[in-house]
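Each chain is listed here by its residues.
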Amino acid sequence: MTQGSDKVYRKGLPFSAEVAPLLAAMPLLEEYREPLLRLQGAWDSLALLGQMSGAATDMADTRTAFEALTARLLDSLARRQLRHAVQHLQGRSQVAIDILVRNLFERTADVGFLASDAPLRALLQADAAGTVEDGQIQALRRRFAAYVAKYSVYDQVVLLAADGRRLAALDEASCATIVDDVRLREALEPGRAFVEVHGPTALLGGRAGLIYAAAVSGADGSDARGLLCLSFKLEDEMSGLFRALCAGVSRSVLVLKDAGGKVLLTSDPWQIPLGAPLPPAGQAQGWRLDFAGRDYLACESSASGYEGYVGPGWQAQMLQPLQHAFAEAPPERQAARARDLDTRELFDEELRSIPVEARRIQRELSRSLWNGKLKSRAHAQPTAGQAGAGGNAFAVTLLNEVERTGEQLRQVFERAIAQLEEGALDAVFDGAGFQSELAISIVNRNLYERSNDCRWWALDARLQQALARGDAAAATDVLASIHALYTVYSLLLVFDTQGRVIAVSDPAQAHHVGRSLQGDWVQGALSSRDAGQYVVSDHSPCGLYGEDGRAPCLVYAAAVPHPDAATPVGGIAIVFDGEPQFRAMLRAALPERAGATAVLVTRAGEIVASSDARWSAGQVLPFPLPALASLAADQHVTGEMSLDGRVMAYGLAMSGGYREYRRLTPAAAGDLAALVMLPLGERLAGGDSAALSASAAAFAPMAPGGTKTLDVASFLVDHQWLGLPAMQVVAALERQRITAWPTAPAAVRGMLAFEGRMLPVLDLGQLLFHRPCGDEAALMVCQTGAGQRLVLAVQQLGQVFVAGAEQLQPSPTRPGWAAQAQVHLLKGRGPQMLTLLDGDDLWRLVNGVTAAAQAEVLALE
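In this text the structure is predicted, and so the values were computed from the model without any measurement.

A. Representation of the overall build of the protein within the structure. When you go through the protein residue by residue, the secondary structure sums to 18 helices and 37 strands. Among the 861 residues that make up the protein, the fraction classed as buried is 52%. Pairs at least 24 apart in sequence give 63% of the contacts found in the protein among residues at least 6 apart. When the accessible surface of the protein is split by element, carbon and sulfur atoms take 52% of a total near 37,000 Å².

This is the structure we're talking about:
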């Protein structure tokens, strides 16, 4: 291995330093490297014989260009494989830490609210007075159980006295009677809203846990102080998240690390065990990590933050064994994509330039072979008694072998370029599917919290007593204090058994007080006798959301039981601030990609939220999406769709709920789905698709059957094969500057200097088919029997071959541009036909376009 300033040479080829150490793990690279090097070796052998062909210089130059392009192509393949693999891992590690932090943000609000719960404060005050009774403790434990039944993310709830004594615990068997933890006592400091502590704790019998603690004050202004501690089921939460994110990533491991790099949780303890120290992994380390003697591709992510909260300072790291990181996608993932897309904007300048350079080299090779064959065939017309035909035959054979080798190189390049493009497209489709799953996962987790909030707040003793007494002021204070902790709501309100609003959380919306609420959700809440039940409205206007109350929204509601009986004394309704909250969720799920759009939509096709300002909540989805109605819960699909004249890759993921929220519920019109759309490009017109793909299949001539033969130089115009007698073709030219000829007709491009003379340039595409050959047209000089010359612009050069004179057939219809033209047809193998033109006819055409043009041509002659 040798290394330059920014390239590392492996097996004779230069690679970027970031990919050079990974090449052995990239089987796709070896698939292309071997045939390319083998063909170049063959070309080297041919170059030793190239002096005899008269085209040695051109061959050497073309070989050098192919060698340079081979290096670029293989390096590009390697870097894009690395980029795709890194994006795959980085995206999942980022999702893991961000979803966790969003979840933990809710815990910070929960502990603050529950710390103000009246029964906790009453027990704390009784402890200070020395009047605690066992019945009071058992009642509080039942309340803890009711809380955890709704918020199933917790496995322990404990109330501690300020000195660490256990006053009440959900699971007494696991909690020590004295909890002496200086980290928890920090929550008692003035101005401290909460603390979060991870590690072994006496609250859980010494096992590790994630604890949220907040100070509790005694009732009625008492000086008594204590601590409420909630234990979040971190391992339970992350196991499901790990399982979902590692799916489809072979042998991958996802871990959660603390600020010091120690593994807190792992998806595969056999590969990466708990407590293992993992070094940083990222671009600075070449995305490579060596652990326990095994090489991994690894990425790590820190939290993006949510509502100003960034979590405990942890990181998520995703690792994949290097031998699996660059394996080809399984067949089921290699879905066929439409071929009529202009996807050039998907690729950076380097990727776009590789096929352009390949075509340029192929054109130069075709030109070189043309000129070599024309020269050889011209010399192969000896007069009587002359020798040399054998040497020229050898030269033609050598050039044919060079042409064959060049064609094989072209095919390998085309396959490799197609692989690059398919890889880029697959990455877009994979991304759309993954991001749609991420979006609906964020939505599910968020709405799970909403369903829990309304049920738990309905059990708040202060609200129960305020509704029972009809004390609107007290209810208003409680609602306002809750709303200050939970900022995702537009409004919280309580209503009586008649559905009349008693109090609201926001003074600016006090006009709702006294209003009679309408909707099935109102009676649904009031008729409930189960504290575990809740109702949610359809996503529709209900008069409680938006400036005029006409905006659609989701309202979660539950019955508020009487403090001394099971019958409801009213209900609580919480209006989710869906417009900004849903939009933020969708945008959080989108990649940083221009034109990326996400929509939250019901199964019935109603838009709930959109990241795109063109579509508002309540509108019907403006384009068909057949999969929406039939997509099963917790499933996703990807596909293509057209939007505003552009083709989009889309991912559609249907909600399947989260934990006990909406799990195993029958399909309904109101089910939510996330649609993520990523732009691919514009749909091509029929002709454009062919222009961007490989040219027409090469003309395959039939072997001559008689002794009288004709050398034919073939070329492509408007995807049709044409030809001239080889003796009428002088040379194919490198691309040159064409001097404008303002007065010339459209078919005459201008004038071009050749061997000291200015020659007219005739665009055969414009002349014959009224479609010009384009900026990349090949140029060839032809001449008449009298020696007049002109330049033809054609789409592509073809072969120079020998045809039997008996194969020529008169054209059944003569082109309208020349009634006297000598046009013949030459049948190839299969259905192909070649139209054989005549240089004298073309010269007459140039001279006959206009009188003025004829005068200028003659003057130049």
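Picking up after the structure, the text goes on.
B. Seen up close, the packing of helix H3 (residues 118-129) against helix H4 (residues 134-150). Orientation of H3 relative to H4, taken along the N-to-C sense of each, is 155°, at an axis distance of 10 Å. Judged by the inter-axis angle, H3 sits roughly antiparallel to H4. In this structure, H3 meets H4 at a crossing whose hand is left-handed. For the pair H3 and H4, the contacting residues are Pro119, Leu120, Ala122, Leu123 and Ala126 in the first and Gln136, Ile137, Leu140, Arg143 and Phe144 in the second. Partitioned by chemical class, the residues of the contact of H3 with H4 number eight nonpolar, one polar and one charged.

C. Just helix H6 (residues 234-246), in detail. Under the 1.5 Å per step criterion, the end-to-end length of H6 is 18 Å for 13 residues, consistent within 8% with the ideal 18 Å. Gly248, located one to two residues past H6, shows a positive phi value of around 85°.

D. Representation of the sheet that holds strand E6 (residues 195-200). The sheet built from five strands is open, its strands ordered E5-E4-E8-E7-E6 with antiparallel pairing. Whereas interior strands pair on both sides, the edge strands pair on one side only; in this sheet they are strand E5 (166-169) and E6. Going across the sheet, the axis of each strand differs from the next one's by a mean of 25°, ignoring polarity. As paired strands, strand E7 (residues 208-217) and strand E8 (residues 225-232) are joined by eight bridges and run antiparallel to one another. In the sheet register, Ile211 faces E8, and the bridge partner there is Ser231. Seen against the sheet, H3 touches strand E4 (154-161), E5, E7 and E8 and runs at an angle of roughly 75° to E7.

E. Summary view of the sheet that holds strand E29 (residues 729-733). Pairing in this open sheet of five strands is mixed, and the strands run E29-E32-E33-E31-E30 from one edge to the other. Edge positions in the sheet fall to E29 and strand E30 (748-754), since each of these pairs with one other strand and no more. Adjacent strand axes in the sheet meet at a mean angle of 30°, parallel and antiparallel pairs treated alike. As paired strands, E29 and strand E32 (residues 778-783) are joined by four bridges and run antiparallel to one another. Counterpart to Ala732 in the pairing with E32 is Met780.

F. Representation of the pattern of salt bridges. Under the defined criterion, the tally for this structure stands at 30 salt bridges. Linking Glu186 and Arg192 is a salt bridge whose minimum nitrogen-to-oxygen distance equals 3.7 Å. The exposure class of Glu186 is partly exposed, given its relative accessible area of 32%. Arg192 sits in the partly exposed class, given a relative accessible area of 35%. A salt bridge links Arg603 to Asp671; its shortest N-O distance comes to 3.3 Å. Residue Arg603 is found in the loop between strand E22 (597-602) and strand E23 (607-610), and its partner Asp671 is found in the loop between strand E25 (646-654) and strand E26 (672-683); the two are separated by 68 residues along the sequence. We note that Arg603, like Asp671, is buried.

Reading the values: rules and limits
- Residues numbered from 1 in each chain as written.
- Predicted model: local features only at pLDDT ≥ 70, side-chain atom pairs only at ≥ 80, totals over all residues.
- Heavy atoms only, no water.
- Helix = DSSP H or I, 4+ residues; strand = E, 2+ residues; numbered from the N terminus.
- Buried < 20%, exposed > 50% of the residue type's maximum accessible area, 1.4 Å probe, protein only.
- Contact = heavy atoms within 4.5 Å.
- Areas by Shrake-Rupley, 256 points an atom, 1.4 Å probe, with all protein chains shown as cover.
- Axes fitted to C-alpha atoms, helices over the stretch in contact; angles between N-to-C directions.
- Parallel < 35°, antiparallel > 145°, perpendicular 65-115°, else oblique.
- Left-handed = near helix turned anticlockwise from the far one by under 90°.
- Nonpolar A, V, L, I, M, F, W, Y, C, P; charged D, E, K, R; others polar.
- Expected span 1.5 Å × (residues − 1).
- Pairing = 2+ DSSP bridges.
- Salt bridge = Lys/Arg side-chain N within 4 Å of Asp/Glu carboxyl O.

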